[in-house]
Amino acid sequence: MGGDYYVRHLAVELPLAYAERIADATLAAGREAGLLPLTVVVLDAGGHIIVLKREDGSGILRAEIARGKAHGALGMGIGSRVIRDRLKERPAFQSAIAAASDGRFIPVPGGVLICRADGAVIGAVGVSGDASDKDEYAAIAGVRAAGLTPHPDNPVENWRDAGL
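All values reported here derive from a predicted model rather than from experimental measurement.

A few points about the packing of aromatic side chains
Then step 1. Enumeration according to the criterion identifies one aromatic pair in this entry.
Then step 2. Ring centres 3.7 Å apart and planes at 5° place the aromatic pair Y137 and W159 in the stacked group. Here Y137, found in helix α5 (residues 132-145), pairs with W159, found in the segment after β5 (149-151); they are 22 residues apart in sequence, far enough to count as distant.
Then step 3. Using a relative accessible area of 18% as the deciding quantity, one classes Y137 as buried.
Then step 4. W159 gets classed as buried once you look at its relative accessible area, which sits at 8%.
Then step 5. The side chain of R21 reaches across the aromatic face of Y18, ending 4.4 Å from its centre.
Then step 6. In this structure, R90 packs its charged tip against the face of F93, placed 4.7 Å from the ring centre.

Brief notes about the pattern of salt bridges
Working definition: two side chains of opposite charge can pair if their charged atoms are close together.
Then step 1. Counted according to the given criterion, the structure contains seven salt bridges.
Then step 2. R116 is paired through a salt bridge with E13; the nearest N and O atoms lie 3.0 Å apart. On the criterion of sequence distance, the pair formed by R116 in the loop between β3 (111-115) and β4 (121-128) and E13 in the segment before α1 (16-32) is long-range, its members being 103 residues apart.
Then step 3. For R116, a relative accessible area of 30% puts it in the partly exposed group.
Then step 4. For E13, a relative accessible area of 48% corresponds to the partly exposed category.
Then step 5. The partner of E136 in a salt bridge is R81, with the nearest N and O atoms 2.9 Å apart. Taken together, the positions of E136 in helix α5 and R81 in helix α3 (residues 80-87) put the pair 55 residues apart, joining distant regions of the chain. Note on accessibility: E136 and R81 belong to one class, buried.

So, the nonpolar core
Then step 1. Within the largest apolar cluster, 25 residues are counted, with the highest numbers of intra-cluster contacts made by L14, I22, V42, I114, V125, V143 and L148.
Then step 2. For this core, the elements supplying multiple residues, two or more each, are α1, β1 (39-44), β3, β4 and α5.
Then step 3. Beyond its immediate chain neighbours, meaning those up to four positions away, V42 contacts L14, A19, I22, A23, H48, I49, I50, V51, I114, A124 and V125.
Then step 4. Among the nonpolar cores identified, the runner-up in size contains nine residues, and V41, L43, A73 and C115 belong to it.

Procedures and definitions
Residues numbered from 1 in each chain as written. Predicted model: local features only at pLDDT ≥ 70, side-chain atom pairs only at ≥ 80, totals over all residues. Heavy atoms only, no water. Phe/Tyr/Trp six-rings, centres within 6.5 Å; stacked < 30°, edge-to-face > 60°. Helix = DSSP H or I, 4+ residues; strand = E, 2+ residues; numbered from the N terminus. Buried < 20%, exposed > 50% of the residue type's maximum accessible area, 1.4 Å probe, protein only. Lys NZ or Arg CZ within 6 Å of the ring centre and 35° of its normal. Salt bridge = Lys/Arg side-chain N within 4 Å of Asp/Glu carboxyl O. Core = buried A, V, L, I, M, F, W, Y, C linked by side-chain atoms within 4.5 Å. Contact = heavy atoms within 4.5 Å.

Take a look at the structure:
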């Protein structure tokens, strides 16, 4: 066989090993904080799923919600809490984004960008299962545990008090 037989490999900014670390650390942070069962989705910068994990007892729509949080963060270039805060007075624009993304836009906390040290976005993590501020806490903890930089940098101060 000639030299052209082999397929060229795509460059990868967010390797599977890092995505697995983020997902596992996110779930561990949720367990440590006593959160309800979580679902976590890690997307690459193109919005493709690298890892999806759903804890026992987490609802069957949680995967779609977690993906929508992460997808919205990637699509807008900011964490989903920031999206919620910026667009709360613009429901028509939120609806337009949801339509443009085929419904993959969930503008509530829990979608966190994954950044390199230089600030470049290499993916996003979305979490669903508890109150949105608690989901975001777990996502931020997961990104940090993998040695990467989350956006937003920190959860809201009163995340522990968030209710469903």
